[in-house]
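Now for the letters of each chain:
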Amino acid sequence: MIFGRVVGDVVATRKHPSHEDIKLLSVQPLDRRGKGRGAPLVAVDVLDAGAGDMVLLTLDGWAAMTAVGRVPSPIDSAVIAVIDSVEWDEPEARD
Amino acid sequence: MIFGRVVGDVVATRKHPSHEDIKLLSVQPLDRRGKGRGAPLVAVDVLDAGAGDMVLLTLDGWAAMTAVGRVPSPIDSAVIAVIDSVEWDEPEARD
Amino acid sequence: MIFGRVVGDVVATRKHPSHEDIKLLSVQPLDRRGKGRGAPLVAVDVLDAGAGDMVLLTLDGWAAMTAVGRVPSPIDSAVIAVIDSVEWDEPEARD
Amino acid sequence: MIFGRVVGDVVATRKHPSHEDIKLLSVQPLDRRGKGRGAPLVAVDVLDAGAGDMVLLTLDGWAAMTAVGRVPSPIDSAVIAVIDSVEWDEPEARD
Amino acid sequence: MIFGRVVGDVVATRKHPSHEDIKLLSVQPLDRRGKGRGAPLVAVDVLDAGAGDMVLLTLDGWAAMTAVGRVPSPIDSAVIAVIDSVEWDEPEARD
């Protein structure tokens, strides 16, 4: 799983039926200091995470489908926790 | 899932039988400002996306096979939504 | 799926039994201008692709096993099409 | 599997039920000299690894679910060994 | 599958039971000239590969479990061939 920060909602009218009635979030992956880095991902969410929340994402298809109770479906990423606290950064690490 | 922009069609005469009668699109992944970045991917499409459309791609095999109703088959990426709008970029993020 | 160009054959005498009697190709992934970039991958091939051919690769285990009709087996990449033509590069994209 | 070093615990009150009663660790992936590099990952742990331990991580969904005996569940990374020793770095390699 | 060079053994006393009695190798991924690049991976091996051997690695969970006859287990990478020869590098490619 990776750390991400919720950026906002993704709106799509034309989509696969299994994506009806489920919230799609744009999530920014975080680097080892908790800052955003790289391209945003899109994840389904049933934990009602909101913009700015730090979340835990699974990037495995089966794991993500299980998280939202839709197996099988065209889902490969899901919010599985809203993070309260984390020990961050390892002094010796580099980007 | 990731954000991408449809570049165009991919034409292949010699291919696996499961790829007959299904549209193959070249899709450019997008960075956190919505600009193209990196190598294009190839995805199957049953939502009739066209060149220039911003789309949502799944990159998981089972999820992609499910998206087009061909399980199992040699498919690992599919267009699963055409994006209407998205909140883009996080001010503090970097590439 | 990704775009690649066939570099040549890979020869291995000591290998898993499921890899007997199947062609192994070294394939160079391509960037958004159709030029080789990064480390080569190894894929199984039943479409008789040859050196210099532009091909479509699946990088998902189940999808690749299905492509060559050997499920399950220790295979995670397969040539699934030989490309005739593709619309290449998006003017605004960067590496 | 990849090498990582345990950074610390991840605390999340609001999470998927399958993550109840299981330890979540933040783990820093290691480069070829054993130094931290890149963004931390989050893995489940049933081997009681502690901060500073060098560990082996699986990043495959099914493998990780199996490691903790919860199949299926929204888990895609798990600590599967605490490393005692490893031959490190290859003189000719580069980053 | 990717190319790698065996660096040496990985020793772990505290580990998942499915990893008992199976050899764990540290393997350096190779770039398009056959030189080591990036972080080492850890793979299971039943082909008795030794330090310095060039090998073929699968990085898919199911494929790797199948390679060593342990399905399911917390294994996501396995040595599936020892390479005899390979056509290397494509003149026009870049890193």
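Residues numbered from 1 in each chain as written. Chains lettered and ligands numbered in written order. Predicted model: local features only at pLDDT ≥ 70, side-chain atom pairs only at ≥ 80, totals over all residues. Heavy atoms only, no water.

1. Structural notes on the overall build of chain A
- Helix and strand counts for chain A stand at 1 helix and 7 strands.
- Reading chain A from its N end, one meets helices and strands in the order β-β-β-β-β-α-β-β.
- The C-alpha atoms of chain A give 14 Å as radius of gyration, which agrees with the globular expectation for 95 residues (12 Å, within 12%).
- Relative to its full complement of 95 residues, chain A shows a buried share of 62%. (Helix = DSSP H or I, 4+ residues; strand = E, 2+ residues; numbered from the N terminus. Rg over C-alpha atoms; globule rule 2.2 N^0.38 Å. Buried < 20%, exposed > 50% of the residue type's maximum accessible area, 1.4 Å probe, protein only.)

2. Description of the side chain of E:Thr66
- Note that E:Thr66 resides in helix α1 (residues 61-67).
- For E:Thr66, a relative accessible area of 16% puts it in the buried group.
- Aside from chain neighbours lying at most four places away, what touches E:Thr66 is C:His16, C:Pro72, C:Ser73, C:Pro74 and E:Val71. (Contact = heavy atoms within 4.5 Å.)

3. A word on the relation of the copies chain A and chain D
- Of the transformation placing chain A onto chain D, the axial shift is 0.0 Å and the rotation is 72 degrees, giving an RMSD of 0.0 Å. What the rotation and shift describe, once combined, is the action of a five-fold rotation axis. Of every C-alpha in chain A, the one belonging to A:Asp60 sits nearest the axis of rotation, 6.2 Å from it. (Least-squares fit on C-alpha atoms with pLDDT ≥ 70 in both.)

4. Details of the arrangement of the chains
- In this structure chain A stays clear of chain E, and the shortest span between their C-alpha atoms is 11 Å.
- The closest approach of any C-alpha atom in chain B to one in chain E is 11 Å; the two make no contact.

5. Considering the relation of the copies chain C and chain B
- Laying chain C over chain B is done by rotating through 72 degrees and shifting 0.0 Å along the axis; what remains is an RMSD of 0.0 Å.
- With a heterologous cut-off of 20% or less, the 9% of interface residues of chain C that recur at the interface of chain B puts this contact in the heterologous class.

6. Here's the deal with the nonpolar core
- In terms of nonpolar packing, the biggest core is built from 105 residues, with A:Leu56, C:Leu56, D:Leu56 and E:Leu56 touching the most fellow members.
- In this structure, C:Leu56 is in contact with B:Leu24, B:Val42, C:Met1, C:Ile2, C:Phe3, C:Ala78, C:Val79, C:Ile80, C:Ala81 and C:Ile83, ignoring residues within four places of it in sequence.
- With 60 residues, the next largest nonpolar core counts B:Val27, B:Leu57, D:Val82 and E:Leu25 among its residues. (Core = buried A, V, L, I, M, F, W, Y, C linked by side-chain atoms within 4.5 Å.)

7. Quick word on the pattern of salt bridges
All names here are of chain A.
- Summed over the entire model, instances satisfying the criterion amount to 10 salt bridges over all chains.
- The salt bridge partner of Asp 48 is Lys 23, with a shortest N-O separation of 3.4 Å. Residue Asp 48 is found in the loop between β4 (41-45) and β5 (54-58), and its partner Lys 23 is found in strand β3 (residues 23-29); the two are separated by 25 residues along the sequence.
- Note on Asp 48: relative accessible area 59%, which makes it exposed. (Salt bridge = Lys/Arg side-chain N within 4 Å of Asp/Glu carboxyl O.)

8. Observations concerning the interface of chain C and chain B
- If you look at the interface, chain C gives 32 residues, while chain B gives 37 residues.
- Viewed at the interface, chain B and chain C are joined by 0 salt bridges.
- Scanning the region where chain C abuts chain B turns up 13 residue pairs in polar contact (both at pLDDT 80 or more).
- Listing elements by their share of the side of chain C that touches chain B, those giving two or more residues are β1 (2-11), β5 (54-58), α1 (61-67), β6 (78-82) and β7 (85-86) of chain C.
- Among the elements that make up the side of chain C that touches chain B, the one with the highest residue count is α1(C) (4 residues). (Polar contact = N/O pair within 3.5 Å; in protein donor to acceptor, adjacent residues only side chain to side chain.)

9. Observations regarding the interface of chain A and chain D
- Each partner contributes residues to the interface: chain A has 32 residues there, and chain D has 37 residues.
- The junction of chain A with chain D conceals about 2800 Å² of combined surface from both sides, 55% of it contributed by carbon and sulfur atoms.
- The tally of links from chain A across to chain D stands at 0 salt bridges.
- Here chain A and chain D share 13 residue pairs in polar contact (both at pLDDT 80 or more) between them.
- Here the element with the most residues in the side of chain A that touches chain D is helix α1 (residues 61-67) of chain A; it accounts for 4 residues.
- Of the residues in the side of chain A that touches chain D, the class split is 17 nonpolar, 3 polar and 12 charged.
- Pairing of strand β7 (residues 85-86) of chain A with strand β1 (residues 2-11) of chain D involves 2 bridges; the strand directions are antiparallel. What sits directly across from A:Val86, in β1(D), is D:Val10. (Buried area = accessible area lost by both parts, 1.4 Å probe. Nonpolar A, V, L, I, M, F, W, Y, C, P; charged D, E, K, R; others polar. Pairing = 2+ DSSP bridges.)

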